[in-house]
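# Architecture at a glance
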Amino acid sequence: MFKKLLLSVLAISAFGLTACQNSEQKPADATANSATGKTPSVFRVGTEGAYKPFNYKNEKGELVGFDVDIANALCEDMKVKCEIVAQDWEGSIPSLNANKFDALISAMSITPERQTQVDFTEPYFTNSLVFVAKKDSPFDPSRPEQINGHTVSAQRSTISSQWLEKTYPDAEDKLYDTLDNAFLDLGAGRVEAMIADKAPALVWLNSPEGANFSVKGQEIDIHDKLAIAVRKNDIWLAKVNTSLSNIRQNGTYDKIMAKHFGQASINSVTASTTASTVTASASVTASVSQ
């Protein structure tokens, strides 16, 4: 009898221990959210924090920028608390899918490869690329032999680096983990030219470090759209899309654009693109938020 009782107690204990372990180890994932249809009270956002003017840290170490303001505006519209954390660029999508946060608002381009891993909202920005080199440099990106004959830098795992590697496979490209490090080597003369997204490039050119540099050649339209990434089949997709539409209609989006890119950026938006995409200003000046 004692043995039977002991075995019963052990079995119940083991069952209870297993149940506790499963409860602790199972994260609150997209499936649970979709099943209940309930929106959590907190919206957790990942952003790189090193991609000025979209997302970066100010002198106080606070995350600021266009993406951060967009995130806060979305949270206000969805009536949820915003938690925004910095996340290394290359680990962004794996961290999102590991449930570290609910969305990536990090100047992320929509690509076929990324669409196999995450869902994207409607675009919230249209991006183009530019080459940057010293003002007195003879570097001319309209001549392919010059690109192949120069050391060109870019940030690793970005649209810029992918375009460079695909279009000019013979170029001596030098890739960096962050955009800041790429600009640092350009300013120090360790590379001859750089390719980058237009908005961050123009911000750097208006800084003391970029004073002796300029855009070379024409901007490159690669039909690049930036959007917010969420996990596959997550309920946040529809909610964020609704709030994106709301902040466009109530004028909040325009205010954020003007703050970071100047009033000209709003004037350049046409009626046909307002509902889904916004075109960056052709001449972001010193009025860009620092």
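Residues numbered from 1 in each chain as written. Predicted model: local features only at pLDDT ≥ 70, side-chain atom pairs only at ≥ 80, totals over all residues. Heavy atoms only, no water.

### Quick notes on the packing of aromatic side chains
In this structure the tally under the stated criterion is 15 aromatic pairs. Ring geometry for Phe 43 and Trp 236: centres 4.5 Å apart, planes at 45°, overall tilted. Of this pair, Phe 43 sits in strand E1 (residues 42-47) while Trp 236 sits in helix H10 (residues 236-249), placing them 193 residues apart in sequence. An identical accessibility class is assigned to Phe 43 and Trp 236; each is buried. Each ring, one from Phe 54 and one from Phe 66, has its centre 5.9 Å from the other, and the planes form 80°; the classification is edge-to-face. Of this pair, Phe 54 sits in the loop between strand E2 (50-51) and strand E3 (55-57) while Phe 66 is found in helix H3 (residues 66-78), placing the two residues twelve residues apart along the sequence. Judged on exposure class, the residue Phe 54 and its partner Phe 66 are both buried. Clustering of aromatic rings is evident, with ring pairs tying together Tyr 51, Phe 54, Phe 66, Tyr 124, Phe 125, Tyr 253 and Phe 261. We note Lys 52 situated over the ring of Tyr 56; from NZ or CZ to the ring centre the distance is 5.0 Å. Sitting above the plane of the Tyr 253 ring, Arg 248 keeps its charged end 4.5 Å from the centroid. (Phe/Tyr/Trp six-rings, centres within 6.5 Å; stacked < 30°, edge-to-face > 60°. Helix = DSSP H or I, 4+ residues; strand = E, 2+ residues; numbered from the N terminus. Buried < 20%, exposed > 50% of the residue type's maximum accessible area, 1.4 Å probe, protein only. Lys NZ or Arg CZ within 6 Å of the ring centre and 35° of its normal.)

### Some remarks on the sheet that holds E3
In space, the three strands of this open sheet follow the order E2-E3-E4, with antiparallel pairing throughout. With one partner strand each, in any of the chains shown, E2 and strand E4 (63-64) form the two edges of the open sheet. As paired strands, E3 and E4 are joined by two bridges and run antiparallel to one another. The partner of Lys 57 across the bridge, within E4, is Leu 63. (Pairing = 2+ DSSP bridges.)

### Structural notes on the state of the cysteines
One pass over the full model with this rule turns up one disulfide. In this model, Cys 75 is linked to Cys 82 through a disulfide, with the two sulfur atoms separated by 2.2 Å. Between Cys 75 and Cys 82 the disulfide shows an S-S torsion of about 65°. By sign, it is right-handed. A relative accessible area of 2% places Cys 75 in the buried class. (Disulfide = S-S within 2.5 Å.)

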